[in-house]
Amino acid sequence: MMKFRFRRQGADPQREKLKQELFAFNKTVEHGFPNQPSALAFDPELRIMAIGTRSGAVKIYGAPGVEFTGLHRDAATVTQMHFLPGQGRLLTLLDDSSLHLWEIVHHNGCAHLEEALSFQLPSRLGFDGASVPPSLTRVTVVLLVAAGDIAALGTEGSSVFFLDVTTLTLLEGQTLTPGEVLCSVPDDYRCGKALGPVESLQGHLRDPTKILIGYSRGLLVIWNQVSQCADHVFLGNQQLESLCWGRDSSTVVSSHSDGSYAVWSVDTGSSLTLQPTVATTPYGPFPCKAINKILWRNCESGGHFIIFSGGMPRASYGDRHCVSVLRAETLVTLDFTSRIIDFFTVHSMRPEDEFDDPQALAVLLEEELVVLDLQTPGWPAVPAPYLAPLHSSAITCSAHVANVPAKLWARIVSAGEQQSPQPVSSALSWPITGGRNLAQEPLQRGLLLTGHEDGTVRFWDASGVALRPLYKLSTAGLFQTDCEHADSLAQAAEDDWPPFRKVGCFDPYSDDPRLGVQKVALCKYTAQMVVAGTAGQVLVLELSDVPAEQAVSVAIVDLLQDREGFTWKGHERLSPRTGLLPWPAGFQPRVLVQCLPPAAVTAVTLHTEWSLVAFGTSHGFGLFDYQRKSPVLARCTLHPNDSLAMEGPLSRVKSLKKSLRQSFRRIRKSRVSGKKRAANASSKLQEANAQLAEQACPHDVEMTPVQRRIEPRSADDSLSGVVRCLYFADTFLRDEVPAAAVGGEKRPEQAVEAVLGKEVQLMHRAPVVAIAVLDGRGRPLPEPYEASRDLAQAPDMQGGHAVLIASEEQFKVFTLPKVSAKTKFKLTAHEGCRVRKVALATFASVACEDYAETCLACLTNLGDVHVFSVPGLRPQVHYSCIRKEDISGIASCIFTRHGQGFYLISPSEFERFSLSARNITEPLCSLDINWPRDATQARLHESPKLSQANGTPSILLAPQSLDGSPDLAHSKGSDTPEPPEAALSPMSIDSATSADTTLDTIGDVTVEDVKDFLGSSEESEKNLRNLAEDEARGCAILIK
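Draft legend 1. A look at the packing of aromatic side chains. Scanning all chains against the criterion turns up 21 aromatic pairs. Ring plane angle 15° and centroid distance 5.5 Å describe the contact between Phe-459 and Phe-587, whose orientation is recorded as stacked. Taken as a pair, Phe-459 in strand β34 (residues 456–461) and Phe-587 in strand β43 (residues 586–596) lie far apart in primary sequence, 128 residues in all. For the pair Phe-459 and Phe-587, a shared accessibility class is recorded, and that class is buried. Here the aromatic rings of Phe-811 and Phe-868 are separated by 5.2 Å at their centres, their planes lie at 65°, and the arrangement is edge-to-face. Note that Phe-811 is positioned in strand β50 (residues 811–816) and Phe-868 in strand β54 (residues 864–869), a separation of 57 residues in sequence. For the pair Phe-811 and Phe-868, a shared accessibility class is recorded, and that class is buried. Joined through ring pairs, the aromatic side chains of Phe-25, Tyr-879, Phe-895, Tyr-903 and Phe-913 make up one cluster. Over the ring of Tyr-189 we find Arg-217; its NZ or CZ atom is 4.1 Å from the centre of that ring. The residue whose ring lies beneath Lys-293 is Phe-343, and the NZ or CZ to ring-centre distance is 5.0 Å.

Here it is as structure tokens:
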């Protein structure tokens, strides 16, 4: 066989222009709940809320679709946040005592968030000229006074500094030292004790010149800035935690470290108050934990709200995370499952109003945000249109479904509303409504499905910027588990004390890890879906609009086929409940298929037109006819030496030993001389490697290699029997006969028979991660029912078909029915990386609405995304998307059919990105603010670009059209009208029905992922060096 090497000609300018119109990489929005929140703020005038995180991220939320994101330059924890009311400006305090001023600025009608100024409190000199320890100048609390123009900074050294907010400069001569305060305190109270850090600063509600200062020792002082003296002093002796003014400013409420709170009267006729009017320990008399924060809100209807966090009995409930709401004789102890960060009330702030009349209570927890309606009896929770905790149970898999029919969408929404009906008397809607969403309403809907560790599948509205929960499917009710104890707290007797009430949906504990969902697939035309789990359970479900009581058929499929010598050492299978079982409206199970051995399901696909479901595990694969409720096929894929697959997920030591042993064997094999290798079965591959090595020798400097050497994988490699992907196709495997001749609206009643048509063995033996069949025009086959219902163009059945096989190392196209190699691309040889995720996607042109291309999107183990043409497999573009160290992010990535994608940047957040120049889903919003901008315009124009919270350099700017106006059509998201080729609905290859799941949506971290992460630095440097060499010279084409 002769080999010729040609230099590739220069890039085609027309093609390069077309690429720019088709492809563009953007990280657009972060869905879900911010990871590790640390601070909270609310602007009652603009109705916007801000959340700060431990990583230094700042996120501002308003109405659904109104979001702003920023990131501090230093990755420090945000400890406090304060809005300048009505100005769209935010002051943040970090744990390094630095202050940062953020501003929401508008460009061409669209708003984004920028950091304008920063400030670091300087160290002060002591009496002897020595520097005071930095801890004494550490800022402990911030208060905005005088309409936000001045900020008071309380420090650990008991001093209060004043800062000009517009310039972030200290106001000299106005610093309040502890010595000045002690002058107003009786001598017997001083007694040589320090005041301690400033714990709280509260502005007077009616007189902006007065500030309420609370010191850790318990001293409270109302300080008059004009006269520079104390107007009133409250001599508290208990360690202070927080302060709050009453609405009429005649009372002060303080909370303390012993679990008590006190009410102090200001109008006593004396400037000195020795004792509070009321002092009580709500959960006494036994020792209690500190009340960290307290709010006092009065009501026009009489009485008042007292809301505080903490204060629980230390011995009995010291580990509970609680917020107590007390009004008159009604006390409710809100019991949360994660730590409380902060909370606020939405109430009247107008000075002319005499009453607070709180409408809602918002509580920020470490893992979720809960809003309660305080105007409705029972104080029910308000459903959140965004910020829902994706990780209420750990996410184990995910899938995306685009272009959901309106009828199915309405049925899913209806089922979700029946799950959490709202009280008829509740009239409160989501209280955070600031800003305007400028993005156009999506024309079509997108569903994001997430499978969880507790056996639930959650349905999310992923059509726009706000990820809204729609419906939750639970599979645990079908099995016998020890989950009854979870309801024991909710079923407590009414006379129990404290009166706990379970609030929130975050539940990190799973009753049985075998319930975990590994794979999901949904047919959007028949409302049928399949859910596969960790213990080999495969559930076929169908959507029903009414509750039902019915039994579920159970079928067992033995994938080992009575093969001898294999013993399953893993977990037992789940025991299904028998008899009639009640099922609420929504997806209801019809058939349960149990794989034996009960290993985790690694691949699943559903063909509703044929009523078939296929599933695979680490032992083999099966085909099941759920119309006749009978198995069709079961095949074992285990190699005789593959005993590791029988040990289950708990045999960590054995698998590690075997992995190390095999690694050393490969190293020894690689050191064998070329002559000994010639006797190997893969001699052709070794010869090619030897020739490439010769080309790399110094005597042939002109001809540098373009491929890396790839060692063949052993036939008895561990876990070689794992089924990575399954695929249904109506195509040709024999010269005249289609592979599946069954069609039409209803499948015939005769039994289905599965016969092996062809078998392809890839020489390099890399795991196959995806399969897809292309029709005679090179386009992917449509989904089931899509062509028969005229929802997509029928595939070309006249010309020859082709099958695209994607392995971890290369892509290859074979013709059908002859199965002869047509074209290939060796990704590992060219780029030094391995394939992790693959999907077919349609890329519409941003310049011409009628033009689109179907391409292959691929994510590698290095976190790069590559796009290839189909069926030519020509590289188009590649982008750096995910950090290669982020193993879980790479494992969780999924692609959509319109060139977008999602991956987890934390357990609770999805990062959304787009590879398409046209289909982009990003925040486009505006905010009505009222503050002069002339003084800061020059500074804003020079401000550097900021980073998003995930570390990606980007500014949330609106795309602009040629005339400079915001291009709203640019943000149609994944739901823009499809051009003619897009109407063919190219399928993501893992599932023939869930057209938007990726080819391999395994959320688990595999052995290969860890090997990639732990790979030698020398190999990584070599790969990078080779990549640089490849890009520096013109690419060559090797023709065989």
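There's more to say after this.
Draft legend 2. Inspection of the sheet that holds strand β22 (residues 272–273) at higher detail. Taken together, five strands build an open sheet; the order of strands is β15-β16-β17-β18-β22 and the sheet is mixed. The open sheet terminates on both sides in strands that have one partner only, identified here as β15 (198–203) and β22. In the sheet, strand β18 (residues 229–235) pairs with β22 via two bridges, with the strands oriented parallel. Its bridge partner being in β22, Phe-234 is matched across the sheet by Thr-273.

Draft legend 3. Just the side chain of Glu-609, in detail. Position of Glu-609 relative to the elements: it lies in the loop between β44 (603–607) and β45 (612–616). Overall, Glu-609 belongs to the buried group, its relative accessible area being 11%. Of the polar contacts made by the side chain of Glu-609, one reaches the backbone nitrogen of Tyr-785; its length is 3.0 Å.

Draft legend 4. Quick look at the pattern of salt bridges. Under the counting rule described, the total for this entry stands at 30 salt bridges. Ionic pairing is found between Glu-783 and Arg-897, a salt bridge with its closest N-O pair at 3.5 Å. Separated by 114 residues along the polypeptide, Glu-783 in the loop between β48 (768–774) and β49 (801–807) and Arg-897 in the loop between β56 (894–895) and β57 (900–906) bring together distant segments of the chain. We classify Arg-897 as buried; its relative accessible area is 1%. Here the residues in one salt-bridge network are Arg-724, Glu-808, Glu-809, Arg-834 and Arg-836, joined through shared partners.

Draft legend 5. Quick look at the sheet that holds strand β26 (residues 321–327). Reading across the sheet, the five strands line up as β24-β25-β26-β27-β36 and stay open at both edges, with mixed pairing between neighbours. The open sheet is flanked by β24 (291–298) and β36 (500–502), the only strands paired with a single partner. Strand-to-strand, the axes of this sheet are offset by a mean angle of 20°, without reference to chain direction. One ladder, built from seven bridges, connects β26 with strand β27 (residues 330–336); its direction is antiparallel. In the sheet register, Cys-322 faces β27, and the bridge partner there is Asp-335.

Draft legend 6. Layout of the nonpolar core. With 36 residues, the main nonpolar core has Ile-412, Leu-447, Val-457, Phe-459, Leu-473, Met-529 and Phe-587 as its most contacted residues. Examining the composition of this core, we find that five residues originate from one element, helix α5 (residues 406–419), more than from any other. What Met-529 contacts, discounting residues up to four positions off in sequence, is Val-457, Phe-459, Leu-473, Ala-521, Leu-522, Leu-539, Val-540, Leu-541, Phe-587 and Leu-606.

Draft legend 7. Broad picture of unusual backbone geometry. A cis geometry characterises the amide bond from Leu-596 onward to Pro-597, with omega recorded as -5°. Omega for the bond connecting Leu-816 with Pro-817 falls within 30 degrees of zero, at 10°, which places this linkage in the cis form. Tracing the backbone shows Pro-817 in the loop between β50 and β51 (821–825). Even without a glycine there, the phi angle at Val-819 is positive, about 55°. Secondary-structure assignment places Val-819 in the loop between β50 and β51. Its identity as a non-glycine residue notwithstanding, Leu-873 has a phi of 60°, on the positive side. For Leu-873, the location among the structural elements is in the loop between β54 and β55 (875–880). Residue Leu-873 is classed as buried on the basis of its relative accessible area, which comes to 3%.

Draft legend 8. Examining the state of the cysteines more closely. The tally for this structure, following the rule as stated, stands at zero disulfides. Not engaged in a disulfide, the cysteine Cys-110 finds its nearest cysteine sulfur in Cys-925; these two sulfurs lie 7.5 Å apart. Judged by relative accessible area, which is 4%, Cys-110 ranks as buried. Of all cysteine sulfurs in the structure, the one in Cys-833 sits closest to Cys-858, which takes part in no disulfide; the separation is 6.8 Å.

Calculation notes
Residues numbered from 1 in each chain as written. Predicted model: local features only at pLDDT ≥ 70, side-chain atom pairs only at ≥ 80, totals over all residues. Heavy atoms only, no water. Phe/Tyr/Trp six-rings, centres within 6.5 Å; stacked < 30°, edge-to-face > 60°. Helix = DSSP H or I, 4+ residues; strand = E, 2+ residues; numbered from the N terminus. Buried < 20%, exposed > 50% of the residue type's maximum accessible area, 1.4 Å probe, protein only. Lys NZ or Arg CZ within 6 Å of the ring centre and 35° of its normal. Pairing = 2+ DSSP bridges. Polar contact = N/O pair within 3.5 Å; in protein donor to acceptor, adjacent residues only side chain to side chain. Salt bridge = Lys/Arg side-chain N within 4 Å of Asp/Glu carboxyl O. Axes fitted to C-alpha atoms, helices over the stretch in contact; angles between N-to-C directions. Core = buried A, V, L, I, M, F, W, Y, C linked by side-chain atoms within 4.5 Å. Contact = heavy atoms within 4.5 Å. Disulfide = S-S within 2.5 Å.

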